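Observations on chain architecture
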Amino acid sequence: MPEITLQSRLTLDPRVRFRRFENDGIVIHQKTAEAIVVSDVATRLLEMTDGNRTLQDCVEAISEEFDAPAEVIERDVIQFASELADIGVFAVVDVAVQS
């Protein structure tokens, strides 16, 4: 698994389903039948990971929407994205292949 950085572009694995319920979200990984409830900030990140935006783009938007310091959002986004990539929820988009 490549290292997740602010320049990473992520997308949901095709076997993953995601839904928003009020402020929180739920991620269901069909391969493992695992369900994960995530916070409102994590829900927003999941909504934004389309393979086109970098995590830096997501951090900037989230820090504005939630009126939080970018440094705090950066740390949380990298940690959350890395954890979900490790369990197969996110896939890292290879920009060289995408171009």
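In the block above lies the structure referred to throughout.
For clarity, every value in this text was computed on a predicted model and none was experimentally measured.

All right, on to the sheet that holds strand β3 (residues 24–29) then. Here three strands make up an open sheet; going across it, the order is β2-β3-β4 and the pairing antiparallel. With one partner strand each, in any of the chains shown, β2 (16–21) and β4 (34–38) form the two edges of the open sheet. Strand-to-strand, the axes of this sheet are offset by a mean angle of 20 degrees, without reference to chain direction. In this structure, β3 lies alongside β4, joined through five bridges in antiparallel fashion. Residue pairing in the sheet places Gly25 in a bridge with Val38 of β4. Relative to β2, helix α1 (residues 40–48) is tilted by about 130 degrees, and along the sheet it contacts β2, β3 and β4.

Take the sheet that holds strand β5 (residues 50–54) next. Pairing is antiparallel across the open sheet formed by three strands, whose spatial order is β5-β1-β6. Strands at the two margins of the open sheet, each flanked by one partner only, are β5 and β6 (90–92). For this sheet the average axis-to-axis angle between neighbouring strands, irrespective of direction, equals 35 degrees.

In this section: the packing of aromatic side chains. Aromatic rings in a pair are described by how distant their centres are and how their planes are angled relative to each other. As enumerated under the stated definition, the model contains one aromatic pair in all. Between Phe80 and Phe90, the ring centres sit 6.5 Å apart and the planes meet at 90 degrees, which makes this aromatic pair edge-to-face. Placement of Phe80 in helix α3 (residues 70–86) and of Phe90 in strand β6 is noted, with a sequence separation of 10 residues between them.

A few words now on the nonpolar core. One finds Val27, Leu46, Phe80 and Phe90 to be the most contacted residues of the largest nonpolar core, which totals 23 residues. Counting residues per element, this core draws most heavily on α3, at six residues. For Phe90, the contacting residues outside a window of four places in its chain are Leu10, Thr11, Leu12, Leu46, Thr49, Phe80, Ala81, Leu84 and Ala85.

Parameters and conventions
Residues numbered from 1 in each chain as written. Predicted model: local features only at pLDDT ≥ 70, side-chain atom pairs only at ≥ 80, totals over all residues. Heavy atoms only, no water. Pairing = 2+ DSSP bridges. Helix = DSSP H or I, 4+ residues; strand = E, 2+ residues; numbered from the N terminus. Axes fitted to C-alpha atoms, helices over the stretch in contact; angles between N-to-C directions. Contact = heavy atoms within 4.5 Å. Phe/Tyr/Trp six-rings, centres within 6.5 Å; stacked < 30°, edge-to-face > 60°. Core = buried A, V, L, I, M, F, W, Y, C linked by side-chain atoms within 4.5 Å. Buried < 20%, exposed > 50% of the residue type's maximum accessible area, 1.4 Å probe, protein only.

It is worth stressing that arrangement in space is one thing and function is another; only the former is reported here.
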